Amino acid sequence: MAARRATDEMRDRVVLGEFGVRNVHTTDFPGNYPGYDDAWDQRRFEEAFRVDVIREEEDTLEFDMVGIDAAIANAFRRILLAEVPTMAVEKVFVYNNTSIVQDEILAHRLGLIPIRADPRLFEYRNQGDQEGTEIDTLQFQLKIKCKRNPQAAKESSDPDELYFNHKVYSKHMTWVPLGNQTDLFPDADFRPVHDDILIALLRPGQEIDVLMHCVKGIGKDHAKFSPVATASYRLLPDITLLQPIEDEAAETLQKCFSPGVIEVQNINGKKVARVANARLDTFSREVFRHEGLKNLVRLARVRNHYIFSVESTGILPPDVLVSEAIKILMGKCQRFLNELDSVAME
Amino acid sequence: MAGSGSGPALETIQADGTDGNCVTFVLHDEDHTLGNSLRYMVMKNPDVEFCGYCITHPSESKINFRIQTRGALPAVEPFRKGLNDLMGVCQHVLNTFERSMKEFRAQKEEEMQ
């Protein structure tokens, strides 16, 4: 019985010891454990798998994926960061730039501005195509000139009063439809996601007149194309008290963990510690610094329970990003299946 | 840029003297994203004796994916099965995720009212 429990722990938990982490790798492959049937079974997977959405805000999504392996969860995370396409400024045609910001620095900053344009409506640009067509390019114009304000008070030193247009914001970028884009996208409103991104500062007489081409790309090519502010996951913490912990030790134990994890209850006049909500813990391992407590607690993580946190830059809502990421992984598999079939045909 | 790919996306290398049950697949334009998840699915196949992948050089985006099978089963079979199983997993994850999102939003609607 104890041996079975020990193997179950090895299979299900990643244990955080004082000086290292044990049972990191997935070992439940067929043949590794006698008495366990580990061959892939789609039905068993479907029964055990579930997704729980915890929190959804405008641009953030927190959800749990339970019953899946690290390799696949990590694949989704990698795809969210680097392979879900978006539109971003790629080419900047500088007609006039007398500002103090150099052309290339200005172009770099413009590229990093997130553009509210659904990338699914556009195609990738063909390689070697310098001009761009209406199906793969979005054109934006930024034309702004700074002037002195004749009405400003003589002694004022506040630039907001002295000058017009001295701060160039992303709201000054205007969409210039190419070809038949006005017919293709009649209600579309292509603009940067945020209006208040400061691009450059000007003084009277300086002006910026640039034309920008946005293309579709992926984060692997340049980080400006990444659709997420960040996408990460952590494993569900699992804290077990190996022995009952009482009185002073219970109070110390509560302080060793993040607030809300350990609850001290009053049972029969004695203070007893209980694990209330292990999910909140960030595993600082403070408990290992206390000689009296370090052998009474087992810190572990549940191997197949992933708490995902996806934060979008605003181009696409986070749940759309996750769906797209899953479809991209399916697309990769399909590509190789097609290759196999075409080779088999020959 | 995405969408570029000249040449075959998949090559197979077979050592002399073996009869198709240990093959190295060279997958172009791939990395750990597909490599590790596909390795996991192929390892779950009890007919596979060995499965591993490596990235030959970090400057080249290709992986060597090796499968050795038990007995006389051609190595292409577990590879194909692994790809199909991975597609099945993704499809189920997609359906479950979209269903959970719908339920969560419906529940929030109820709470608002």
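Residues numbered from 1 in each chain as written. Chains lettered and ligands numbered in written order. Predicted model: local features only at pLDDT ≥ 70, side-chain atom pairs only at ≥ 80, totals over all residues. Heavy atoms only, no water.

In the nomenclature of an unreviewed UniProt entry, chain B corresponds to DNA-directed RNA polymerases I and III subunit RPAC2 from the organism Junco hyemalis. The record in UniProt for chain B states the following under Subcellular location (unreviewed entry): "Nucleus". (UniProt positions renumbered as here; feature names shortened; annotations may be inferred.)

As annotated in an unreviewed UniProt entry, chain A is DNA-directed RNA polymerases I and III subunit RPAC1 from Junco hyemalis. A UniProt comment under Sequence similarities (unreviewed entry) is attached to chain A, and it reads "Belongs to the archaeal Rpo3/eukaryotic RPB3 RNA polymerase subunit family."

**Q** I keep staring at the overall build of chain B and nothing clicks. Help me out?
**A** Secondary structure assignment for chain B yields two helices and four strands. Overall, chain B shows an N-to-C arrangement of helices and strands of β-β-α-β-β-α. Taken against the 2.2 N^0.38 rule, which gives 13 Å for 113 residues, the C-alpha radius of gyration of chain B at 19 Å runs more than 25% over that of a compact globule. If you line up chain B on its principal axes, its C-alpha atoms span 70 × 40 × 20 Å. A separation of at least 24 residues holds for 51% of the contacts in chain B among residues at least 6 apart in sequence. (Helix = DSSP H or I, 4+ residues; strand = E, 2+ residues; numbered from the N terminus. Rg over C-alpha atoms; globule rule 2.2 N^0.38 Å. Contact = heavy atoms within 4.5 Å.)

**Q** Where do I start with the packing of helix α8 (residues 318-345) of chain A against helix α1 (residues 32-43) of chain B in this structure?
**A** Axis angle and axis distance: for two packed helices, these are the angle between their axes and the distance between the axes, and together they describe the pair. Contact geometry of α8(A) with α1(B) gives a least axis separation of 11 Å together with a crossing angle of 75°. Classified by the angle their axes make, α8(A) and α1(B) are roughly perpendicular. Residues A:L329, A:K332, A:C333 and A:F336 of α8(A) form the contact with α1(B), whose own contacting residues are B:T33, B:L34 and B:S37. Among the residues making up the contact of α8(A) with α1(B), the classes are represented as four nonpolar, two polar and one charged. (Axes fitted to C-alpha atoms, helices over the stretch in contact; angles between N-to-C directions. Parallel < 35°, antiparallel > 145°, perpendicular 65-115°, else oblique. Nonpolar A, V, L, I, M, F, W, Y, C, P; charged D, E, K, R; others polar.)

**Q** Mind showing me how you'd approach the layout of surface pockets here?
**A** Rolling a probe over the atoms, with the probe sized like a water molecule, indicates the empty space that remains. Estimates place the volume of the second largest pocket at around 540 Å³. Considering the residues around the second largest pocket, the lining is formed by 21 residues, among which A:D28, A:G67, A:N304, B:Y40 and B:K44 are closest to the centre. Looking at the lining of the second largest pocket, the elements with two or more residues in it are α1 (2-12), α2 (42-48) and β18 (297-312) of chain A. Of all the elements, α2(A) adds the most residues to the lining of the second largest pocket, at three residues. (1 Å grid on protein atoms, 1.4 Å probe; cavity = no way out; pocket = protein on both sides within 12 Å on 5 of 7 lines; lining within 4 Å. Points joined across faces, edges and corners; volume = space filled by probe spheres on them.)

**Q** When you look at the packing of aromatic side chains in this model, what are you seeing that I'm missing?
**A** Each aromatic ring pair is specified by the distance between its two centres and by the angle formed by the two planes. Taken as a whole and judged by the stated rule, the model has 14 aromatic pairs over all chains. Here the aromatic rings of A:F63 and B:F97 are separated by 5.0 Å at their centres, their planes lie at 55°, and the arrangement is tilted. Here B:F97 lies in helix α2 (residues 76-112) and A:F63 lies in strand β4 (residues 60-66), a pairing that spans two chains. Taken together through their ring pairs, the aromatic side chains of A:F63, A:Y233, A:Y306, A:F308 and B:F97 make up a single cluster. In this structure, A:R4 packs its charged tip against the face of A:Y36, placed 4.4 Å from the ring centre. Positioned above the aromatic ring of A:Y124, the side-chain terminus of A:K216 is 4.8 Å from the ring centre. (Phe/Tyr/Trp six-rings, centres within 6.5 Å; stacked < 30°, edge-to-face > 60°. Lys NZ or Arg CZ within 6 Å of the ring centre and 35° of its normal.)

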